[in-house]
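Structural overview for review
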Amino acid sequence: MTRNHPSTRPERRKPAGATAMRLVVPLQGVVQGRGGLILGSLIPCALFYFLQFYMKRHRSPKPSSDPPSPSTSSSNLPELTRTSSRSSLSTRGSFGPARVSTRASSIAKQTDSLYYVGLDKVKEDPYHRTDNPDGIIQLGLSENSLCLDLIEKWVLENLTDSIMGTNGGDLSISGIAMYQPFDGMMELKVAMAGFMSQVMGQRVSFDPSQIILTAGATPAVEILSFCLADHGNAFLVPTPYYPGFDRDVRLRTGVELIPVHCRSSDNFIVSISALDQAFNQTRKRGLKVRGILISNPANPVGNILPRETIYDLLDFAREKNIHIISDEIYGGCTYGSEEFISMAEILDSEDFDKSRVHIVYGLSKDLSLPGFRVGVIYSYNESVLAAAKKLTRFSSISALTQRLLVPMLSDTKFIQEYIETNRRRIKKLCNSFVAGLKQLGIKCADSNAGLYCWADMSELIPSYSEKGELELWDKLLNIAKINVTPGSACHCIEPGWFRCCFTTLAQEDIPVVIERIRRVAETSKSSS
Amino acid sequence: MKLLSRKVTCNSHGQDSSYFLGWQEYEKNPYDEKKNPKGIIQMGLAENQLSFDLLESWLAKNPDAAGFKRDGQSIFRELALFQDYHGLPAFKKALVEFMSEIRGNKVTFDSNKVVLTAGATSANETLMFCLAELGDAFLIPTPYYPGFDRDLKWRTGAEIVPIQCTSSNGFQITETALEEAYQQAKKQNLKVKGVLVTNPSNPLGTTMSRNELYLLVDFITAKNIHLISDEIYSGTVFNSPGFISIMEILKDRNCENTEVWNRVHIVYSLSKDLGLPGFRVGALYSNDDMVVAAATKMSSFGLVSSQTQYLLSALLSDKKFTRNYISENQKRLKQRQKKLISGLEKAGISCLKSNSGLFCWVDMRHLLSSNTFEAEIELWKKIVYDVKLNISPGSSCHCTEPGWFRVCFANMSEETLKLSMQRLKAFVDSTTNGHNQSSHQSVKNSRRTSLTKWVFRLSFDDREPCGER
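Remember, predicted model here, so these are calculated numbers, not experimental data. Residue numbers here run from 1 along each chain, matching the order of that chain's written sequence. Chains carry letters and ligands carry numbers; both start at the beginning, A for chains and 1 for ligands, and go up in the order they are written. The predicted origin of the model limits local features to residues at a pLDDT of at least 70 and limits the giving and counting of side-chain atom pairs to 80 or more, whereas totals for whole chains, interfaces and linings rest on all residues. Side-chain figures throughout are based on the complete set of non-hydrogen atoms in the structure, without hydrogens or water.

Next up on the list: the overall build of chain A. The numbering of helices and of strands both runs from the N terminus, where a helix is a DSSP run of H or I of at least 4 residues and a strand a run of E of at least 2. Of regular secondary structure, chain A possesses 17 helices and 15 strands. Of all intrachain contacts in chain A linking residues separated by at least 6 positions in sequence, the fraction that spans at least 24 positions is 74%. Taken as a whole, chain A presents about 20,800 Å² of accessible surface, with 52% of it coming from carbon and sulfur. We call two residues in contact whenever any of their non-hydrogen atoms come within 4.5 Å of each other. A 1.4 Å probe and the Shrake-Rupley method give the accessible areas. Residues count as covered only by the protein chains that appear here.

Listed below in structure tokens is the structure:
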């Protein structure tokens, strides 16, 4: 008569109650036909309660992984199970040893995604043109140091006035030493609003009162996750995506990330039909979708969302009544012919519901200052701003750094020069690198932004699978001695794609990299 | 509408708390010696402003530190790109040595066991994420820092169960109180994961006695739970009996290779001892590798700016400076505390005997119209609105007895402190001379009850920007 007992198929993610009812109702009918009303209601009730009791005792861990995706072997998915902390105790009940929380033990023991593994390996044997020419060349870190010389020059020329604040010629630390508003000094918010506007070509203006400053974009994403979703809810994320989102969103908030797979045939631009399908599938699994998390310019692909796609996303979000988190941290790292269009620009000019859009920004990429920890949440939603502001108490920017940045970001002439030089230098390196790869027969996705290119090495992988991709990654790391990020670490559904960050290279290093890849490519081609 | 999460919407009513009236009133009408001499004097902010000159003179003599230079060479590039969540090794080393120095070098710390965070607020929350979750509780002795309700519980889902302390023994922790709290947690179906103490105490300003520390170690050993010792005020101990760190006790008891060694964790920060809350520098220290590993990864959500780490590593590595700073800072705090105490005495007000911190735990029970929390709030409102002093009522710190207030002394000039004491004396004189028991108070009482409720829910207001630790 009935379907299988839900606990024999732990992958079924229906809430326990619903499945139980499917068992009980037909049963009730059968019993009522024969046993009369009392038996007919008593037996199913008893069964129902027994079922609940049984399932409570044997509750399987909360589902945390996505449906089979190519990336599960490489990325780590922290299990945020709630019950195992109790089950791990001795049977002496409350006198059992107090372990750390399950959250902590899973985080501590996590085998890192290849994204992090590669980064660590480079640290052990870093390439240096003269001191260590056989070391591992870092192409896995999306870091922009191309124009640090400009910033360094500005700092050294403008320092004494900016850091401590002069009080009649004497250093006065009290101004910055004392407690500041956790979400940042107003002067910095004003300067940041102006900077963001400049970065986006003055096509949009930002309101300082809608800015929340955080210690980097990493907490900005986490704070928004805490504000917009409950434990057990989900965000839809187009793939491939920045591996760090797995940590930023999922580590402590309990919010799930549901991948929405994009294809090279679309140049990895998300389609509404894919979003819709993912939304419905997620709902069927009993998870509530609270928002879409998207990077624009995209990481790792490096493309810019077309205007039409942004309109479609906004319409979709309105239709499903969900939020959009737009991570625009690479907004200033554009070098192609296309202009970057911020969500803010669209919202300023078109009539869309602003209250569901939240922008994440930071100075780590556009201004090359990841060490200073400066991130931004920009929202049109008063409630989100109020909530996020309170949460910044855990992630505030050091006042010392804020004091340094106010005059720097306000120096519009310097910033203009910086932005233009930055773009020019990224473009030059990108062109050389992409051309070099082309010589090897390796094509890159069409990209206009970012500090990396998205290279298609599928012809070099031994088998068209994640396994094949990882074998190539391993060869590249250990034989060619270059660290690149495999597509599987970014949850890409097509094997063979690799993110190569070129901004950590000098022009002279590019031929070295290409040569090393060539050697591996040749052995790969000959063996396949 | 697109709803926000439950976590942020359920606490929004905290904004109505009358407690924040004090802060709001202060911000509307802040005292300024020249521009607003009749304004409200801020005595609810535990900030150390007494030793800025020492920091400033060091900075003037060491421009490289703030100038991104090491030995004359620019290291700007290195710092701009440094975002390793393991922290700047030189800074961690200097930090643990500083912590050791504060403890009279009776204990040493391993810099590999330190995790840097953006302030102690972040360190406390991170530790809580590592040790507890929904359904778990930590026991905390009352009165305690009001911020804990928010920092420890909000995003982690953990609960706090108070260990009730009373004035009968100077608010010290007793075995009975510990056990009662433990049982109370059980009654509430909470699993006790540990005890959290602030030593030196906020708001009491006292250091824990050796006995209390032994008691704690015995308790956590017997119950097999954790102990978090928030030692953020450890550098502000200016009088006997001196500061005894929990690490010292563990060493005395030869606990180094026992299980309990891994269950004691310390939180520290430079906000109070160095008076640099704006720099957002906190740390947690643990002997448990798993805690350190997990906390290190979590610290990504609140890393300390590399610029700040570098500056402070230079500052704290200068042993001559640190030695001088620690003793001079303590001397100044001692003098300032004496001034507050004598000012209070002149007004006929006593306070708990204290030897540390940036505040005194003041006894105004004799000024209450009745031995109730309503009366405490009534008195507090008078002090804020009429006397124009913003002080912290004991009820906001979950004190079991009405009539106690925390009054800070290190965040203002000496003249301002003198003025505040004059105002207080004038107030006390007028109330003892006048009729302080008036019948019209009972009319206001009904309103007071609802206000008291709000006082307890003070955690989530954004009007409280600064650490009221």
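Moving on to the overall build of chain B. If you tally the helices and strands in chain B, you get 17 helices and 15 strands. Partly exposed residues are those whose accessible area sits between 20% and 50% of the maximum for their type, while under 20% is buried and over 50% is exposed, using a 1.4 Å probe and protein chains only. Out of the 469 residues belonging to chain B, those deemed buried represent 64%. Approximately 16,800 Å² of chain B is accessible, and the part contributed by carbon and sulfur atoms is 50%.

What follows concerns the interface of chain A and chain B. With 89 residues of chain A at the contact, the number on the chain B side is 89 residues. The term buried area means the drop in 1.4 Å probe accessible area that two parts suffer when joined, counted for both and summed. Surface buried jointly by chain A and chain B totals about 7,700 Å² across both partners, of which 60% is contributed by carbon and sulfur atoms. Among the residues of chain A in contact with chain B, A:Tyr179, A:Arg393 and A:Phe394 are the three that bury the most area, contributing 12% of the side total. In what follows, salt bridge is the name for a side-chain nitrogen of Lys or Arg lying within 4 Å of a carboxyl oxygen of Asp or Glu. On the surface where chain A and chain B come into contact, there are three salt bridges. Note that A:Glu222 is salt-bridged to B:Arg155, the shortest N-O span being 3.8 Å.

Moving on, we get to the UniProt feature "domain: Aminotransferase class I/classII large" (unreviewed entry) in chain B. UniProt positions are given in the numbering used here, feature names are shortened, and annotations may be inferred rather than shown by experiment. In the UniProt entry, the feature "domain: Aminotransferase class I/classII large" (unreviewed entry) is given for residues 41-423 of chain B. What you have in residues 41-423 of chain B is 42% helix and 16% strand, and the ends, taken at the C-alpha atoms, are 10 Å apart.

Right, let's get into the packing of helix H7 (residues 120-131) of chain B against helix H12 (residues 289-298) of chain B. Residue and element names in this part refer to chain B. Taken N-terminus to C-terminus, the directions of H7 and H12 make an angle of 125°; their axes are 10 Å apart at the nearest point. If you check the angle between H7 and H12, you find them oblique. Once H7 is placed against H12, the crossing between them reads as right-handed. Two secondary-structure elements touch here, H7 through Thr126, Leu127, Phe129, Cys130 and Leu131 and H12 through Val291, Ala294, Ala295 and Met298. Gly counts as polar in this scheme, as do all residues outside two lists: the nonpolar Ala, Val, Leu, Ile, Met, Phe, Trp, Tyr, Cys and Pro, and the charged Asp, Glu, Lys and Arg. Tallied by class, the residues present in the contact of H7 with H12 amount to eight nonpolar, one polar and no charged. Only the contacting stretch of a helix is used when fitting its axis, a line to C-alpha atoms as for every element, and angles between N-to-C directions run 0 to 180 degrees. What sets the label is the angle itself: under 35 degrees gives roughly parallel, over 145 gives roughly antiparallel, 65 to 115 gives roughly perpendicular, and the rest give oblique. For a crossing to be left-handed, the near helix must be turned anticlockwise from the far one by less than a right angle; the clockwise case is right-handed.

All names here are of chain B. Any two of the Phe, Tyr and Trp rings considered here, Trp counted by its six-membered ring, make a pair once their centres fall within 6.5 Å; the pair's planes then place it as stacked at under 30 degrees, edge-to-face at over 60, or tilted in between. Scanning all chains against the criterion turns up 29 aromatic pairs over all chains. Seen from their ring centres, tryptophan 361 and tryptophan 404 are 6.0 Å apart, and the 10° between their planes marks the pair as stacked. Pair noted here: tryptophan 361 is in strand E12 (residues 359-363) and tryptophan 404 is in strand E15 (residues 404-408), with a separation of 43 residues, a long-range link. Classification of tryptophan 361 by relative accessible area gives buried; the value is 0%. For tryptophan 404, a relative accessible area of 4% translates into the label buried.

Another aspect to go through is helix H6 (residues 89-102) of chain B. Residues and elements named next belong to chain B. Helix span, as expected, comes to 1.5 Å for every residue beyond the first. The terminal C-alpha atoms of H6, which comprises 14 residues, lie 20 Å apart, in line with the 20 Å expected from a rise of 1.5 Å per residue. Burial runs high along H6: ten of the 14 residues are buried. Among the residues of H6, those classed as buried are Phe91, Lys92, Ala94, Leu95, Val96, Phe98, Met99, Ser100, Glu101 and Ile102. Those residues of H6 hidden inside the fold are in contact with strand E4 (114-117), strand E9 (264-269), strand E10 (282-286), helix H13 (306-317) and helix H14 (319-346). Two residues or fewer after H6 comes glycine 104, characterised by a positive phi angle close to 60°.

Now for the confidence of the model for chain B. Residues and elements named next belong to chain B. Each residue carries a pLDDT value, the predictor's own confidence for that position, ranging from 0 to 100. In the predicted model, chain B carries a mean pLDDT of 90, and the fraction of residues at 70 or more is 90%. Confidence drops under pLDDT 50 across residues 12-16; counting only partners more than four residues distant or on other chains, this segment forms ten contacts. In this model, residues 459-468 is a region of pLDDT below 50 whose contacts with residues beyond four sequence positions or in other chains number 40 contacts.

We now examine the sheet that holds strand E14 (residues 485-486) of chain A. Residues and elements named next belong to chain A. What the four strands build is an open sheet, ordered E11-E12-E15-E14; its pairing is antiparallel. Only two strands of the sheet have a single partner each, and these edge strands are strand E11 (443-444) and E14. Strands pair, by our definition, only if DSSP identifies at least two bridges between them. With five bridges connecting them, strand E12 (residues 452-456) and strand E15 (residues 497-501) associate as antiparallel partners. When the bridges of E15 are listed, aspartate 456 appears paired with tryptophan 497. Packed on one face of the sheet, helix H15 (residues 412-439) meets E11, E12 and E15 and runs near 10° to E12. Strands E14 and E15 of the sheet are contacted by helix H16 (residues 466-478), whose axis makes an angle of about 30° with E15.

As a further point, take the sheet that holds strand E11 (residues 350-351) of chain B. All names here are of chain B. Here four strands make up an open sheet; going across it, the order is E11-E12-E15-E14 and the pairing antiparallel. Edge positions in the open sheet fall to E11 and strand E14 (392-393), since each of these has one partner strand only. The pairing of E14 with E15 spans two bridges and is antiparallel. Across the sheet, proline 393 pairs through a bridge with phenylalanine 405, a residue of E15. Running at roughly 15° to E12, H14 makes contact with E11, E12 and E15 of the sheet. On top of the sheet, helix H15 (residues 373-387) reaches E14 and E15; it is set at about 30° to E15, its chief contact.

To continue, consider the environment of A:Val190. Residues and elements named next belong to chain A. Turning to its location among the elements, valine 190 is positioned in helix H7 (residues 186-199). Given the relative accessible area of 44%, valine 190 is considered partly exposed. Spatially, the C-alpha atoms of valine 190 and leucine 409 are 9.3 Å apart, while their sequence positions differ by 219 residues.

All names here are of chain A. Interhelical geometry of H7 versus H15 gives an angle of 40° and a closest axis separation of 10 Å. Here H7 is positioned oblique relative to H15, judged by the angle of their axes. When the axes of H7 and H15 are compared, the crossing they make is right-handed. For the pair H7 and H15, contact is made by Phe195, Gln198 and Val199 and by Thr412, Ile415, Gln416, Ile419 and Arg423, respectively.

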